[in-house]
Amino acid sequence: QAAKVKANFVPSKEDYQKVYNRIAEIMDEADDYDDGSYGPVLLRLAWHSSGTYDKDTKTGGSNYATMRFEPESLHGANAGLNVAREIMEKVKKEFPWISYGDLWTLGGVAAIQEMGGPNIPWRPGRIDGTAAEATPDGRLPDASQGSDHLRNIFYRMGYVRIYTSRFDFLPTLPSVTTSHPIKGEVVMLSLPLGTYSRAAARKDLDLRACSILSLWTPSLTLRRIHRFNDQEIVALSGAHALGRCHSNRSGYEGPWTFSPTTFTNDFFKLLFDEKWVWKKWNGPKQLEDKSTGSLMMLPTDYVLVQDKSFKKFAKAYADDMELYFKDFSAALARLFELGVPTQQFVSSEPWKMRTVDEQKA
Ligand code: DDH
């Protein structure tokens, strides 16, 4: 009878809150580890399990938690994340009903919220996959590269929505195509011929995938790709306010900020306020702050103040922590849900998981 009850167990929001609380507790049992918290490495696990998503093949992402399997667990980008997976394994033993994908992303949420960051809307529904679903190497950003690489990596994520409409939808088309202010979103159209060429003349459309299949059909198909834009790329990169590089993991060395276990906009402030010079050492190319030499930036971090479009957002986040928290929260919530089929989620709206302090209040 007991086993049967267990099999039918449907966890409630409070059950997930208990998992959150346990993660928050273990995060702090890190006296001799790094800067005294497992939070940063738990966040990195959540990000590396989500950031493999490829919208075109609909593979990767947090849904299947495939980093449990080789060779994904051995990919260079994931070096050191065994530490985080082992911590999560402990939690999984206590709450065996939770999927790894939910557990790892909830770990990312707990890390941000407990280290002073904003609330990250989250909801469960991911399922455990198999080794066959593991992703190929090379889907996560390479710290030695530039802005094109960053965009290519983040543009690959996102999701595609296909809208089909009757021909009589056409008159409203201009408003659809001109009023989408979100840069970096690509709208592709397949239209009856006349409208096709008019749309093609518009510079705000990427018509690479335009098909003429609907040439003679009285309907319109709008293929809209919601991908990460420059603003979201910059917002997400600010997670480097937390944690540090380890020469025995990535080859790079050092923290980005003076408070690597507190989530702030200091990453952006420091990018602008410090003078950054190339570090003279035998390791990979990285920058250090000229005044103390104790902080670091990766080449990909520095790109955020070199690229004109990225720089605009980085400056806005350096100047306004509230704006930064709001944008980071939205982008991270989106990142964690990449590739999870909507019908899998147990609730139509994401939840607010409470911090340990909020529960005391
Ligand atoms: Fe990162 N990251 N990250 N990162 N990351 C490293 C550490 C941490 C890149 C490279 C590295 C994000 C984006 C990028 C965190 C969170 C996030 C390390 C060092 C490298 C290298 C690993 C080690 O040696 O231990 C690159 C490149 C990018 C990029 O160009 C976009 C994003 C989007 C996040 C996020 O969370 C949303 C965190 C936290 C760490 C610190 C881990 C630790 O153990 O401490």
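This structure is a prediction, so every number in the text was calculated from the model and none was measured.

Colleague: Got a sec to walk through the nonpolar core? Specific residues and values, please.
Modeller: Counting residues in hydrophobic clusters, the biggest one holds 83 residues, and the most contacted among them are I23, F154, F328, L332 and L335. Apart from residues no more than four positions distant in its own chain, F328 is found in contact with I112, P118, I120, A235, L236, A239 and F263.

Colleague: Tell me about a negative patch on the surface, and name the residues and values.
Modeller: Residues D28, E29, D31 and D32 make up a contiguous surface patch of negative charge. Within the secondary structure, D31 sits in the loop between α2 (13-27) and α3 (39-50). Classification of D31 by relative accessible area gives exposed; the value is 69%.

Colleague: Please set out the coordination of the iron atom of the ligand residue by residue, giving values where relevant.
Modeller: In this structure the iron atom of the ligand is ligated by exactly one protein donor, H240 (NE2), at 2.1 Å. By the secondary structure assignment, H240 is in the loop between α9 (230-237) and β4 (244-245).

Colleague: Account for the site of the ligand, with residues named and values stated.
Modeller: By nearness alone, 24 residues border the ligand, and L150, H240, R244, H246 and S250 come closest of all. Contact between the ligand and W47: a nitrogen atom at 3.1 Å from a side-chain N or O atom of the residue. Between a nitrogen atom of the ligand and a side-chain N or O atom of H240, the distance comes to 2.9 Å. Those elements that place two or more of their residues in the shell around the ligand are α3, α6 (147-156) and β4. If you tally residues by element for the shell around the ligand, the top one is α3, at five residues. Here the residues of the shell around the ligand sort into 16 nonpolar, five polar and three charged.

Colleague: So what's going on with the packing of α6 against α9? Which residues, and what values?
Modeller: Look at α6 against α9: their axes get within 10 Å of each other, and the N-to-C directions meet at 100 degrees. In terms of axis orientation, α6 runs roughly perpendicular to α9. Facing α6, whose interface residues are L150, R151, F154 and Y155, α9 presents D230, I233 and L236. Among the residues making up the contact of α6 with α9, the classes are represented as five nonpolar, no polar and two charged.

Rules behind the numbers
Residues numbered from 1 in each chain as written. Predicted model: local features only at pLDDT ≥ 70, side-chain atom pairs only at ≥ 80, totals over all residues. Heavy atoms only, no water. Core = buried A, V, L, I, M, F, W, Y, C linked by side-chain atoms within 4.5 Å. Buried < 20%, exposed > 50% of the residue type's maximum accessible area, 1.4 Å probe, protein only. Contact = heavy atoms within 4.5 Å. Patch = residues over 30% accessible without salt bridge, like charges linked within 9 Å, V, L, I, M, F, W, Y side chains within 5 Å. Areas by Shrake-Rupley, 256 points an atom, 1.4 Å probe, with all protein chains shown as cover. Salt bridge = Lys/Arg side-chain N within 4 Å of Asp/Glu carboxyl O. Lys, Arg positive; Asp, Glu negative; His and termini not counted. Charge placed at Lys NZ, Arg CZ, Asp CG, Glu CD. Helix = DSSP H or I, 4+ residues; strand = E, 2+ residues; numbered from the N terminus. Donors = N, O, S within 2.8 Å, 3.2 Å for Na, K, Ca; no water. Near = heavy atom within 4 Å. Polar contact = N/O pair within 3.5 Å; in protein donor to acceptor, adjacent residues only side chain to side chain. Nonpolar A, V, L, I, M, F, W, Y, C, P; charged D, E, K, R; others polar. Axes fitted to C-alpha atoms, helices over the stretch in contact; angles between N-to-C directions. Parallel < 35°, antiparallel > 145°, perpendicular 65-115°, else oblique.

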